[in-house]
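Fold and geometry: a report
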Amino acid sequence: MTIAAHFEPRGMLVLVAGIKGAIGTTLAALVEALRHEPGALLPHLTTADLFTDLLPTDRIRVAGWDTVSEEMSQCALRNRVLPEAVERRYEAALEKVPVVCPEADAAGLAQQVERILADIDGFRRRWPDSLPVMVNLLPAAASPSGIDDLDLGRVYSEVPAGVLPDLAYAVAAIRAGIPFVNFTPNRVEIPAVTSLAEENGVPMAGRDGKTGQTYFKIVLAEALKARGLYVDGWYSLNILGNEDGRNLMDPARAQGKLANKTDILDRVLGYAVGERYGHPTHRVRIEYYPPRGDAKEAWDVVDFLGVFGLPMSIRFNLQGRDSILAAPMVLDLVRWMTVLAALGKKGPVPELGFFFKTPVGPAAPQRFTEQLAALDKLKAEVAARLT
């Protein structure tokens, strides 16, 4: 049976943990803008030509959670992402986005999950005909040690409240039968959670959205590898002035992000960069620089060797806008997960590795061409079920 045979065109409900951050407010504005000017914005989605009949872009709703008390429009203004004209145009719509402020207490993980489930139930009652997807946009957090060895019961009892708040949203989404997208560097895809997703027939996608510097890094790394050029060292510097940048000044919180940005290069090349020196020569630095706001800048110096061991180098400079790059990717992932849930996918979906720094799932593709091939194969599989 095809999806279309039992899947009428439906709206989507994007439930965002951390909705008032830079990506969340940009996403909310993008969703509203798609109602009014789809022709100008759809080309920026990689799913623009997919699922158009089943998932119309003018029937998307957004809701979520955030600890910030300011109104959404004020958060959008403070985040310094959207042009002033866009902020004014969609200010009223942003004010109408329902946002729950989680209670600031010491409730354990189990209690947090129950509260989020109650919130989800309320959102579903408000939009009963929309298909929900949960998106994690919470700030980077330190990962508790030894968490891989815990079953869900022990995760509930042994992970301190507030240490990794993402876990509560992931577990609640899975228990509610809602696909879960982890766009953050926070490692929620622990065995206890992925097993729960498998048991409940819920798909997951993650980890850590690959928006700018890392995206271009894996493309260039694979190109160098294809030419038989040996990468001897790679230095990457990022400056950004948004809340993500401020948060990453905490070394414990930055650890997961730096690991995701660093480990990927060895996986793509098939060897440890710096192996001939006995220590890594792939360095990644992130600096908080308030004047830039969300306009992140990245510099890369790539040292590589050719025949006779002769050294050469490449320098490149990316001046990007973090949330402008990220928000369309989030919406692409929401659309993918909605259809994949209907298709019966469950657990981590490695075919969506194209979107992430650290793709999760069985035999998740690491190289750029492998990720494109996996995504094309998934498109073909879905298309076969839609015809």
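Refer to the structure presented above.
All figures in this text were calculated on a predicted structure; none of them were measured in a lab.

**As for unusual backbone geometry**
Following Gly206, the chain continues to Arg207 via a peptide bond in cis, the omega torsion being 15 degrees. Its place among the elements puts Arg207 in the loop between β6 (203-206) and α10 (213-226). Although it is not a glycine, Ala363 adopts a positive phi angle of roughly 50 degrees. Positionally, Ala363 belongs in the loop between β11 (347-348) and α14 (368-386). A residue is classified by how much of its surface remains accessible, and Ala363, at 79% relative accessible area, is exposed.

**Some points on the environment of Gly241**
You can see Gly241 is positioned in the loop between β7 (230-240) and α11 (243-247). When the C-alpha atoms of Gly241 and Glu95 are compared, they prove to be 25 Å apart, with 146 residues separating the residues in sequence. The contacts of Gly241, once residues within four sequence positions are left out, are Arg80, Tyr288, Tyr289, Pro290, Arg292 and Gly293.

**Considering the environment of Ile178**
Within the element layout of this structure, Ile178 appears in the loop between α8 (166-175) and β5 (180-182). Expressed as a C-alpha distance, the spacing of Ile178 and Asp376, which sit 198 residues apart in the sequence, is 24 Å. Contact partners of Ile178, with chain neighbours within four places excluded, come to Leu15, Ile120, Arg124, Pro132, Val133, Met134, Ala173 and Val202.

**What to know about α8**
Most of α8 sits out of view: nine of its ten residues are buried. All of the buried residues along α8 are Asp166, Leu167, Ala168, Tyr169, Ala170, Val171, Ala172, Ala173 and Ile174. Looking one or two residues beyond α8, the residue adopting positive phi is Gly177, at roughly 75 degrees.

**Considerations on the packing of aromatic side chains**
All chains considered together, the criterion is met by ten aromatic pairs. Note on Tyr215 and Phe216: the rings are 5.3 Å apart at their centroids and 80 degrees apart in plane angle, and the pair reads as edge-to-face. Given the relative accessible area of 23%, Tyr215 is considered partly exposed. For Phe216, a relative accessible area of 41% corresponds to the partly exposed category. With a centroid separation of 6.3 Å and an interplanar angle of 40 degrees, the aromatic rings of Phe354 and Phe368 are classed as tilted. Remark: Phe368 occurs in helix α14 and Phe354 occurs in the loop between β11 and α14; sequence separation between them is 14 residues. Considered together, Phe354 and Phe368 belong to a single accessibility category, that of buried residues. In textbook terms, an aromatic cluster arises when at least three aromatic residues are bridged by ring pairs, as seen for Tyr215, Phe216, Phe354, Phe355 and Phe368.

Definitions and limits used
Residues numbered from 1 in each chain as written. Predicted model: local features only at pLDDT ≥ 70, side-chain atom pairs only at ≥ 80, totals over all residues. Heavy atoms only, no water. Helix = DSSP H or I, 4+ residues; strand = E, 2+ residues; numbered from the N terminus. Buried < 20%, exposed > 50% of the residue type's maximum accessible area, 1.4 Å probe, protein only. Contact = heavy atoms within 4.5 Å. Phe/Tyr/Trp six-rings, centres within 6.5 Å; stacked < 30°, edge-to-face > 60°.

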